[in-house]
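# Commentary on secondary and tertiary structure
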Amino acid sequence: MARSSTVISIAIIMLLLAFAPSIEGKLNGKHNQSTGCTCHYGGTATPVHNFPATYTPGQLYNIQITVQGGVAGAQGGFSLDVDKGAYSNNGPDVSFQATSATHTNPTSRSWNFDWTAPAAGSGPVSVSLATLAADGTNTNGNDAWGTT
């Protein structure tokens, strides 16, 4: 009797799993992931940015994020955290959330937005960036990522 109830329980669990929604990647970006994503594996992509090495307090900078290397193709993404200053002018392919910025469209490997440096006396700014070069197959096995 115990064996048949175990078999029935397993069959019910399998049936429920078959109807469970699948877990999807975040094609429209993911905030607060500047340490990277180990679910993507297949190589290394180099993140590139033009944040200033030293900033002028209150100055507006046009920031460009790009992905270099990695895998062939044109798809990619990024997740950025900057602990001071303010984002603006995100355009259609970048999203901001507090100190985080990310891509909203995976069909690019380059993004632009503005960043205003913090006020005088704010001290050093921490910039943490992860970029992804995707192969466009909607799987994660051949994608490449890197951090800086």
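I will try to describe carefully the structure that is included in this document. (Residues numbered from 1 in each chain as written. Predicted model: local features only at pLDDT ≥ 70, side-chain atom pairs only at ≥ 80, totals over all residues. Heavy atoms only, no water.)

## Re the packing of aromatic side chains
Applying the stated criterion to the full structure yields seven aromatic pairs. A ring pair is formed by Phe-51 and Trp-115, whose centres lie 5.3 Å apart and whose planes are at 65°; its orientation type is edge-to-face. One end of the pair, Phe-51, is in the loop between strand 1 (45-49) and strand 2 (60-69); the other, Trp-115, is in strand 7 (residues 110-116), and 64 residues separate them in sequence. Across the pair, Trp-115 and Phe-51 agree in class, each one buried. Taking the centre distance of 5.0 Å and the plane angle of 45° together, the rings of Phe-78 and Trp-111 count as tilted. With a gap of 33 residues between them, Phe-78 in strand 3 (residues 75-82) and Trp-111 in strand 7 connect regions that are remote in the sequence. For Phe-78, a relative accessible area of 3% corresponds to the buried category. Every member of this aromatic cluster is reached through a ring pair, and the members are Phe-51, Tyr-55, Tyr-61 and Trp-115. (Phe/Tyr/Trp six-rings, centres within 6.5 Å; stacked < 30°, edge-to-face > 60°. Helix = DSSP H or I, 4+ residues; strand = E, 2+ residues; numbered from the N terminus. Buried < 20%, exposed > 50% of the residue type's maximum accessible area, 1.4 Å probe, protein only.)

## Some points on the nonpolar core
In this structure, Ile-65, Phe-78, Leu-80, Phe-113 and Trp-115 are the most contacted members of the largest nonpolar core, which totals 20 residues. Of all the secondary structure elements, the ones that give two or more residues to this core are strand 2, strand 3, strand 7 and strand 8 (127-134). At four residues, the largest contribution of residues to this core is made by strand 2. In this structure Phe-113 touches Phe-51, Tyr-61, Asn-62, Ile-63, Ile-65, Leu-80, Tyr-87, Ser-88, Asn-89, Asn-90, Val-94 and Phe-96, once residues within four positions along its chain are discounted. (Core = buried A, V, L, I, M, F, W, Y, C linked by side-chain atoms within 4.5 Å. Contact = heavy atoms within 4.5 Å.)

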